[in-house]
Amino acid sequence: MSKNDRRGFLKAGVAAAAGAGLRRPQSSGLVKKVHRRGPKPAKVLFNRAVSYGNLLFIAGVGYHKEGDIKVHTKAVLDEIQADLENAGSSMNKVLQCRVFLADLKDYDGMNEMFRGRFGEEPPVRTTIAAAGGIPGKSLVEIDVIAYI
């Protein structure tokens, strides 16, 4: 292929790519849906559970009462389970889980309550100790992404 042929080929490819970018995107049929357990609050800073297509995103859930890390972790996982089931999913369908601890010393206690809650094949997970702590005095905050 000669130098001129290559230039012509490249120009045609660039033109085709540019033309493809100008096309209107076809509707994917995916819709953002908010899942609530109760009426919509008067003022919404963020939603707790939102799906887009078959993916469900649950915002970080904390526990703001007395108790140790085991009490906090169990309560948080119970709330997440209720949100999942409300949206038509389950703990077995959680794909990703992020755990934020107020103190890394609570890692073993959190794991004790976490183990087994997501079925035989748990989700991928990231666990960190949050610098500065968790808002609202919770010892743990957990968010998840699941499949519906």
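Everything discussed here concerns the structure shown above.
Draft legend 1. Here's a closer look at the packing of aromatic side chains. A full pass over the atoms with the stated rule returns one aromatic pair. With a centroid separation of 4.8 Å and 40° between ring planes, the pair formed by F114 and F118 is classed as tilted. Residue F118 is classed as buried on the basis of its relative accessible area of 2%. The cationic tip of R125 hangs over the ring face of F114; the distance from NZ or CZ to the ring centre is 4.5 Å.

Draft legend 2. Representation of the packing of helix α2 (residues 69-86) against helix α3 (residues 107-114) in the model. Relative orientation of the contacting elements α2 and α3 amounts to 40°, with a least axis distance of 8 Å. In terms of axis orientation, α2 runs oblique to α3. For the pair α2 and α3, the sense of crossing is right-handed. On the side of α2, the interface is formed by I69, K70, T73, K74 and L77, while α3 contributes G109, M110, E112, M113 and F114. Considered class by class, the residues forming the contact of α2 with α3 number five nonpolar, two polar and three charged.

Criteria and cut-off values
- Residues numbered from 1 in each chain as written.
- Predicted model: local features only at pLDDT ≥ 70, side-chain atom pairs only at ≥ 80, totals over all residues.
- Heavy atoms only, no water.
- Phe/Tyr/Trp six-rings, centres within 6.5 Å; stacked < 30°, edge-to-face > 60°.
- Buried < 20%, exposed > 50% of the residue type's maximum accessible area, 1.4 Å probe, protein only.
- Lys NZ or Arg CZ within 6 Å of the ring centre and 35° of its normal.
- Axes fitted to C-alpha atoms, helices over the stretch in contact; angles between N-to-C directions.
- Helix = DSSP H or I, 4+ residues; strand = E, 2+ residues; numbered from the N terminus.
- Parallel < 35°, antiparallel > 145°, perpendicular 65-115°, else oblique.
- Left-handed = near helix turned anticlockwise from the far one by under 90°.
- Contact = heavy atoms within 4.5 Å.
- Nonpolar A, V, L, I, M, F, W, Y, C, P; charged D, E, K, R; others polar.

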